[in-house]
Amino acid sequence: MPSKKPGPSVKDKETYEALREDGASKEKAARIANAQGASKKGGKSEPYEEWRKDELYDRAREIGIAGRSDMTKPQLIEALRSH
């Protein structure tokens, strides 16, 4: 059975391991574990609702969300949150 231990870049190792045990991919578990660590420190990013549509589109492109060019602003927000 492969190890569920995170790499050195993961900030919240307990969250990472719990997510992996629940079946999350390594990428998703690391993203969530690191995002939660940032939020505890008072992350400075505005909520997606305050982003412009072109900013949401650019972020969706960065992380590879398919179908983004046909999405409305609310659809982009949902896709980003569920990725």
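This section reports on the structure supplied with the text. (Residues numbered from 1 in each chain as written. Predicted model: local features only at pLDDT ≥ 70, side-chain atom pairs only at ≥ 80, totals over all residues. Heavy atoms only, no water.)

1. Overview of helix α4 (residues 73-82)
Phase 1 of the analysis: Regarding α4, the residues found buried are L76, I77, A79 and L80. Down the axis of α4, the smallest arc covering the buried residues is 165°, so these residues share one side. Residues of α4 that are exposed and angled more than 90 degrees away from the buried face: P74 and E78.
Phase 2 of the analysis: On its buried face, α4 sits against α3 (53-63). (Buried < 20%, exposed > 50% of the residue type's maximum accessible area, 1.4 Å probe, protein only. Helix = DSSP H or I, 4+ residues; strand = E, 2+ residues; numbered from the N terminus. Arc of directions from axis to C-beta. Contact = heavy atoms within 4.5 Å.)

2. Section: the side chain of R20
Phase 1 of the analysis: Mapped onto the elements of the fold, R20 is located in helix α1 (residues 13-21).
Phase 2 of the analysis: For the buried residue R20, which engages in no salt bridge, the nearest side chain bearing the opposite charge is E21, 9.3 Å off.
Phase 3 of the analysis: Looking at R20, its side chain comes within polar contact range of the main-chain oxygen of A24, at 2.7 Å. (Lys, Arg positive; Asp, Glu negative; His and termini not counted. Salt bridge = Lys/Arg side-chain N within 4 Å of Asp/Glu carboxyl O. Polar contact = N/O pair within 3.5 Å; in protein donor to acceptor, adjacent residues only side chain to side chain.)

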